[in-house]
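A structural walkthrough
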Amino acid sequence: MGQRTAFPHRPALTPVDSLSVRFLVDGAVSAFAEPVRRADLLVQHGARGQSDVGLRLLAEWGLSLLIESRAAAEQRTVLLDFGYSSLALLNNAHLAGVDFATVDALLLSHGHYDHFGGLNGLLQSGRLRPGIPMLVGGEEAFCHRLRGSADNPLDFGAIDRDALRRAQVSVRTESRPALLGHDMTTGQIPLAIESPRTPTWMEPGVNCDRRMLDSDKSGLERIVDDSRHELGLAYHMRGRGLVVFGSCSHRGILNTIQSAQRATGVHRLHAVVGGFHLVRPQTEDDTRRTAQALAELAPDYVVPGHCSGEWFISAAEAAMPGKIIRPYVGTHVQFGTQG
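Residues numbered from 1 in each chain as written. Predicted model: local features only at pLDDT ≥ 70, side-chain atom pairs only at ≥ 80, totals over all residues. Heavy atoms only, no water.

A separate point is the overall build of the chain. Helix and strand content of the chain: eight helices and 18 strands. Projected onto its principal axes, the C-alpha positions of the chain cover 55 × 50 × 40 Å. Residue burial in the chain is summarised as follows: out of 339 residues, 56% are buried. Contacts in the chain between residues at least 24 apart in sequence constitute 78% of all its contacts with a sequence separation of at least 6. Summing over all exposed atoms, the chain offers an accessible surface of approximately 14,000 Å²; the carbon and sulfur share of this is 48%. (Helix = DSSP H or I, 4+ residues; strand = E, 2+ residues; numbered from the N terminus. Buried < 20%, exposed > 50% of the residue type's maximum accessible area, 1.4 Å probe, protein only. Contact = heavy atoms within 4.5 Å. Areas by Shrake-Rupley, 256 points an atom, 1.4 Å probe, with all protein chains shown as cover.)

In structure tokens form, the structure reads like this:
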């Protein structure tokens, strides 16, 4: 993983005693997935109302995770990303019994529609408490984006900044590692190990302030998106190590892990969760190399959802037998339990 260097402005990260992750939005549902019980892990699938006639969990291309942590008597809840549509986010949260009024903070990993598309509906629902903080990794998260080929790009949307103001969300932009309760963001993630390719375009100055963009982007009209603003997230499970979240990992899941280790000063890896973007334009060889490199880090668990891809999951199951947990919409992963 390269030389371990201390981050010069490292905040103190509180170790947590338990950590739970609910997959509110993801790309697949399953009525038959079996629970997983280990000494330090409990995984349950589905939601309380999904078997009721007329009610069902909705899957879509996107991701939203509700993360709840406990350190001694203190509990904290973070909503990481918002999926592609408010229909799926609000429906699935209702079936899972989630009360958004209990959420302490919001985190947007990066400015792609499949991660912020459900935000407007959540803001309009009035279920968030006024003044709730939302952290993003840079002004470029707000820039309008396109997807597809350069010759025929398609609209990929932009965050509604007025809706955030109307809902009294306190937006905080931070490119360095930052605390958000019991967790810490990675800050900007250098391309130290992987150099992934991102299939989107960014339009500097459209829905974002050019003056606040990096100098190599501020004067351009359209550029290939490098997701420089994308954030990972890390928790320190007491006695077990880091649980690292890569929502889409356009900056590379190995790079995300390394940045989390550097930011927190914790190098033992308990689990890796989220989307690892090992679908096209990445190749099958890319996925095998990443799976093998991840296996060498010896995580206890890997929970690959959203854009991780079947190539990666197959390679990871071969490289790390017994460590891969397949999540679906409604999956509830509890770390630190006595299952």
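With mixed pairing, five strands are arranged side by side in an open sheet as β11-β14-β15-β16-β17. Of all the strands in the sheet, just β11 (184–185) and β17 (301–305) have a single pairing partner and so form its edges. Both strand β14 (residues 233–237) and strand β15 (residues 241–246) contribute to a ladder of five bridges, which runs antiparallel. Following the sheet pairing, Ala 234 is matched in β15 by Val 244. Of the strands in this sheet, β11, β14, β15 and β16 (269–275) are in contact with helix α6 (residues 253–264), which crosses β15 at around 135°. (Pairing = 2+ DSSP bridges. Axes fitted to C-alpha atoms, helices over the stretch in contact; angles between N-to-C directions.)

For helix α7 (residues 284–296), built from 13 residues, the straight-helix expectation of 18 Å at 1.5 Å per residue is met to within 8% by its first-to-last C-alpha distance of 19 Å. Burial in α7 covers these residues: Asp 286, Thr 287, Thr 290, Ala 291, Leu 294 and Ala 295. Down the axis of α7, the sector holding all buried residues measures 165°, keeping them to one side. In α7, those exposed residues whose orientation departs by more than 90 degrees from the buried face are Arg 289 and Glu 296. Residues of α7 that are buried in the fold lie against α6, β16, β17 and α8 (310–319). (Expected span 1.5 Å × (residues − 1). Arc of directions from axis to C-beta.)

This part takes up the state of the cysteines. Overall, the coordinates contain one disulfide when judged by the stated rule. At a sulfur-sulfur separation of 2.0 Å, the disulfide partner of Cys 143 is Cys 208. Between Cys 143 and Cys 208, the S-S dihedral sits near 95°, and the bridge is therefore right-handed. Of this pair, Cys 143 sits in the loop between β7 (133–136) and β8 (144–147) while Cys 208 sits in the loop between β12 (200–203) and α5 (215–218), and the two are 65 residues apart along the sequence. The residues Cys 143 and Cys 208 share a single accessibility class, namely buried. Here Cys 307 stays unpaired: no disulfide links it, and the sulfur of Cys 248, its closest cysteine neighbor, is 3.3 Å away. (Disulfide = S-S within 2.5 Å.)

The N-to-C vectors of α7 and α8 enclose an angle of 35°; their axes lie 8 Å apart at closest approach. By crossing handedness, the relation of α7 to α8 is classed as right-handed. Here α7 contributes Glu 284, Thr 287, Arg 288, Thr 290, Ala 291, Gln 292, Leu 294 and Ala 295 to the contact with α8, which in turn contributes Trp 311, Phe 312, Ala 315, Ala 316 and Ala 319. The residue inventory of the contact of α7 with α8, partitioned by class, reads eight nonpolar, three polar and two charged. (Left-handed = near helix turned anticlockwise from the far one by under 90°. Nonpolar A, V, L, I, M, F, W, Y, C, P; charged D, E, K, R; others polar.)

Reading across from one edge, β9-β8-β12-β13 is the order of the four strands in this open sheet, with antiparallel pairing throughout. In this open sheet, the two edge strands, each paired with only one partner strand, are β9 (154–155) and β13 (223–224).

A separate point is the environment of Asp 40. Looking at where Asp 40 falls in the secondary structure, it is placed in the loop between β2 (36–38) and β3 (41–44). Residue Asp 40 is classed as buried on the basis of its relative accessible area, which comes to 15%. For the pair formed by Asp 40 and Leu 13, sequence separation is 27 residues and the distance between their alpha carbons is 21 Å. There is a polar contact of 2.5 Å between the side chain of Asp 40 and the side chain of Tyr 301. (Polar contact = N/O pair within 3.5 Å; in protein donor to acceptor, adjacent residues only side chain to side chain.)

In this section: α6. One full turn of an α-helix is made of 3.6 residues, so residues set three or four places apart face in the same direction. Taking 1.5 Å per residue, 12 residues should reach 16 Å; α6 reaches 16 Å between its end C-alpha atoms and fits that length. Of all 12 residues making up α6, 11 are buried, and the element is well covered by its neighbours. Every buried residue belonging to α6 is among Ile 253, Leu 254, Asn 255, Thr 256, Ile 257, Gln 258, Ser 259, Ala 260, Gln 261, Ala 263 and Thr 264, and all of these are buried. Considering only its buried residues, α6 is in contact with β11, β14, β15, β16 and α7. Trailing α6 by a residue or two, Gly 265 shows a phi angle of about 80°, which is positive.

The next subject is the nonpolar core. Leu 79, Phe 82, Phe 100, Leu 106, Leu 122, Met 134 and Leu 164 are the most contacted members of the largest nonpolar core, which has 32 residues in total. Contributing elements (two or more residues each) for this core: β1 (18–25), α1 (86–95), α3 (119–125), β7 and α4 (161–166). Excluding residues that lie within four positions of it along the chain, Phe 82 makes contacts with Leu 63, Ser 64, Leu 89, Leu 106, Leu 107, Leu 108, His 115, Phe 116, Gly 118, Leu 119, Leu 122 and Met 134. (Core = buried A, V, L, I, M, F, W, Y, C linked by side-chain atoms within 4.5 Å.)

It is worth spelling out the packing of aromatic side chains at this point. Taken as a whole, this structure holds four aromatic pairs when the rule is applied. Between the aromatic rings of Tyr 84 and Tyr 113, the centroid separation amounts to 4.9 Å while the plane-to-plane angle is 70°, which identifies the pairing as edge-to-face. Highlighted residues: Tyr 84 in the loop between β5 (74–80) and α1 and Tyr 113 in helix α2 (residues 113–116), separated in sequence by 29 residues. The partly exposed category is assigned to Tyr 113, whose relative accessible area is 27%. Taking 6.0 Å as the distance between ring centres and 70° as the angle between the ring planes, the aromatic pair formed by Tyr 235 and Phe 245 counts as edge-to-face. Here Phe 245 lies in strand β15 and Tyr 235 lies in strand β14, a separation of 10 residues in the sequence. Here the aromatic cluster, defined as three or more aromatic residues joined through ring pairs, consists of Tyr 84, Tyr 113 and Phe 116. Between the NZ or CZ atom of Arg 161 and the centre of the ring of Phe 142, over which it lies, the distance is 3.8 Å. (Phe/Tyr/Trp six-rings, centres within 6.5 Å; stacked < 30°, edge-to-face > 60°. Lys NZ or Arg CZ within 6 Å of the ring centre and 35° of its normal.)

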